[in-house]
Amino acid sequence: MNIMPYRPMGMSKWVDDLFENFLNRPLSGFDSREVMFSQPSVNVREEAAEFIVEVAAPGLTREDFHLEMENGYLRISAEKTQEDEQQEAGKYFRREFNFTQFQRSFQLPDTIDQEGIAARYDNGILLIRLPKVEAAKKEPVKKIEIQ
Amino acid sequence: MRFIAYKPFSHNQVPTRNFPTSQRTFVPRANVLKKEEGYEIELAVPGFSKSDFEIRLEAEVLHISGKRTGEEKDQYARREFGISSFERRFIVPDTIVGAEIQARYENGVLRVLLPEKKVAPRRVEVA
């Protein structure tokens, strides 16, 4: 057991590894505008017993999402299966977002209990819960009495 | 009376990013569609509830706003979006029937339907 310096701003290793794999982003001729329009924003939160990933992808349904674990990577992808008939591309006057198809990947730490991963889609946000394995859970602060 | 170029749904608010990263107000992304009965505005505003929105038409300007009062957790390891109050304005054609504007919120998208008066074009004869 090492005694490590307390680093309040230090992030866990997963966070260091979090920078997503740019190879997974669509290149689309380096048109950054297109990437911005179709890539959902993601928040990651670490709690004592789990990590929580929130993906802001409005306008989809639960069935459109796919979550896959492969070689320690979590791949989040979506493909809109039912495009509204009236909303074909030609009728758009102005278009600033389009989340009909995307993919983002994140490298996970090995302290994640992969069997326990759960997700739900609510009000346009996909919320993924990634529980930590028992050994990695943070213990509650313990007060030491002065004798 | 001024003559100005006809550019419905034009405005000077240009969203610079997808979603806000702080508590400040943000400009949500919008799509505008032409429909048979008029126009439809789609606003990407995930994480709200129906009662957070306010929509009003003042002259030819449509104001769409959303209020967030809830607290946000702040121990984020990575933060690309936040859920905060917003307001967005659109200049709409004066053929929109204000009393018939409808809105619904579904899967994080606020859809505002703006029905249009049917006005037959008038031909002007050259004398």
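Our structure's up above, just so we're on the same page.
Residues numbered from 1 in each chain as written. Chains lettered and ligands numbered in written order. Predicted model: local features only at pLDDT ≥ 70, side-chain atom pairs only at ≥ 80, totals over all residues.

### Regarding the sheet that holds strand S8 (residues 109-115) of chain B
Inference 1: Read from one edge to the other, the open sheet built from five strands follows the order S5(A)-S1(B)-S2(B)-S8(B)-S7(B), with strand pairing classed as antiparallel. Sheet topology places strand S5 (92-95) of chain A together with strand S7 (102-106) of chain B at the edges, where each strand pairs with a single neighbour. Going from strand to strand, the sheet's axes swing by 15° on average, the running direction of each strand aside. (Pairing = 2+ DSSP bridges. Helix = DSSP H or I, 4+ residues; strand = E, 2+ residues; numbered from the N terminus. Axes fitted to C-alpha atoms, helices over the stretch in contact; angles between N-to-C directions.)

### Observations concerning the sheet that holds strand S3 (residues 65-70) of chain A
All names here are of chain A.
Inference 1: Taken together, the three strands give an open sheet; going across it, the order is S3-S4-S6, and neighbouring strands pair in antiparallel fashion. Of all the strands in the sheet, the pair left with one neighbour each is S3 and strand S6 (101-107). Neighbour-to-neighbour, the strand axes of the sheet open up by a mean angle of 15°, direction not taken into account.
Inference 2: Strand direction decides the pairing type here: S3 and strand S4 (residues 73-79), joined by six bridges, are antiparallel. By the bridge assignment for S4, methionine 69 is matched with leucine 74.

### Section: the environment of Val53(A)
All names here are of chain A.
Inference 1: Along the chain, valine 53 turns up in strand S2 (residues 50-56).
Inference 2: Through-space distance from the C-alpha of valine 53 to that of alanine 119 is 9.2 Å; in sequence the pair is 66 residues apart.
Inference 3: Not counting the four nearest positions on each side in its chain, valine 53 is found in contact with Val42, Val44, Ile128 and Leu130. (Contact = placed C-beta atoms within 7 Å.)

So, to be careful, I would describe these as geometric facts and stop short of saying anything about function.
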